[in-house]
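Secondary and tertiary structure notes
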Amino acid sequence: MRNRSISGELLRVCAGVLMVATTPGSGVAQLSADQFAGMTARSIGPVGRIGRISAIDAVVSDPNIVYVGAANGGLWKSLNGGQTWKPLFEDRPFSAIGTVTIDQGDPDIVWVGVGEGNPVVDPRVAAVYRSVDGGESWTPGGLSGFQGVKRILLHPTNPDIVIVGVSGPEWEAETEAGRGVYRTIDGGLTWTPVLHVDGTTRVSDLVMDPSDPNRLLAAMSSSRRSAWSVEPRGPGSGFFVTRDGGDSWIRLEEGDGIPSGDLGRISLDVFSADPRLVHALVDAGEGVLLRSYNRGRTWQTVRRGPDLLSPLDDPAAIVTDPLDESRLFHLASELSLSEDGGATFGRDALGAGPGYRVLWIHPEDPRLMYGGSDRGLYVSRDGGEHWEATGELPLGSFNHVSVDMAIPFNVYGGLERSGSWRGPALGWGGGGPGPD
């Protein structure tokens, strides 16, 4: 399995060197790009680290079948609980995955959203794809050309009804399309926008009541980013509720328990054992943990504090133990656990490095968990007490690479969230990480 992030960046460096070398007046013979058409990339390392995991879903009836999406490394499938992996999107011209959703009624049906749904520095082109054979083949499901798919929700009994939350572009505003909630009733042939706020407000999260698929709760978050500033909160942010599958929406107000002022990112979690219970984590200048006992219609504040927030590009989230409403996992720079309903949180429960992105917990046996961070995928089989890394995936994301003048030369690179690395160009393994 090749590491596309590493190899692609290295080829770009080589291409840059060749451009300089073939510039008129450089004293070097002019070369045609056709002469390099046969060049192929190979992985030269490093080993032992993988990149940011952005999406996880597993088959409830057989949780050894698990799909993992990476922010810069495509979609992967394991049949043995993460010991070995098969790439599913190697032939696609994109690598950023925003979300993956399995139809638990027919696990051969899998939907994938392309384009990382969390706010990112680089724009990622979005689209939706569907497989009906467990990921062996894929067909376009629509929404091509958008940026960032945050959530895909499947109707539990009608496979043609799908609800998608699109985050939209990070660096520009769109007033007509590209942000909001979209719905298809024909399996993705056509899509209808059902919720749009404004040109700077994206879908931050989207959940469905498992007991009533017509009840949806959308979290919308406003933000603006430019090369010189970031506005992480805005007036368009808020909670929106529908009881008719998206035909009409109610915006919740401060009187419903929503924090006052401009809000930022919002994450949602429905307690699967009793969907009347919903949690939300809100950026209101400080972190605010909310709880609802009536399916998200009204809210009460559980806790406030700056420790509930995370750095700008590390969206925080709350995930509830599916069978124990008092056990809440807080995903941020650390993965912390509360066993008193969110009143207090313990220290990092995983210890796998900064940036926890996604946590999948088996809805019937919460001892089994898959956790995704900026340093890869981990599995726990005892409810989060102990974690182990799964089989290695070639997903490392380099922010920059360079070479020295040694013979043979060495390659240097800054691996996202995993330090600086050096390794021989002719070898297969990288050197150890340097300081971050």
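Whatever comes next refers back to the structure up there.
In this report, we go over the structure that sits alongside the text. (Residues numbered from 1 in each chain as written. Predicted model: local features only at pLDDT ≥ 70, side-chain atom pairs only at ≥ 80, totals over all residues. Heavy atoms only, no water.)

Topic: the packing of aromatic side chains
The final tally for this structure, using the stated rule, is four aromatic pairs. Judged by centre distance (5.3 Å) and plane angle (50°), the rings of Phe239 and Trp299 are tilted. Of this pair, Phe239 sits in strand β17 (residues 238–242) while Trp299 sits in the loop between β21 (287–292) and β22 (300–305), and the two are 60 residues apart along the sequence. For Phe239, a relative accessible area of 0% gives the class buried. For Trp299, a relative accessible area of 8% corresponds to the buried category. Ring centres of Trp360 and Tyr370 lie 5.8 Å apart, and the angle between their planes is 40°; this geometry places the pair in the tilted category. Here Tyr370 lies in strand β27 (residues 369–373) and Trp360 lies in strand β26 (residues 356–361), a separation of 10 residues in the sequence. Residues Trp360 and Tyr370 agree in their burial class; the two are buried. (Phe/Tyr/Trp six-rings, centres within 6.5 Å; stacked < 30°, edge-to-face > 60°. Helix = DSSP H or I, 4+ residues; strand = E, 2+ residues; numbered from the N terminus. Buried < 20%, exposed > 50% of the residue type's maximum accessible area, 1.4 Å probe, protein only.)

Re the sheet that holds strand β1 (residues 53–58)
With antiparallel pairing, four strands are arranged side by side in an open sheet as β1-β2-β3-β4. The outermost strands of the open sheet, each flanked by one partner alone, are β1 and β4 (86–87). In this structure, β1 lies alongside strand β2 (residues 66–70), joined through five bridges in antiparallel fashion. Across the sheet, residue Ala58 finds its bridge partner in β2, namely Val66. (Pairing = 2+ DSSP bridges.)

Details of the sheet that holds strand β28 (residues 376–380)
If you trace the four strands from one edge of the open sheet to the other, you get β26-β27-β28-β29, paired in antiparallel fashion. In this open sheet, the two edge strands, each paired with only one partner strand, are β26 and β29 (388–389). In this structure, β27 lies alongside β28, joined through five bridges in antiparallel fashion. Bridge pairing links Ser373 to Gly376 in β28.

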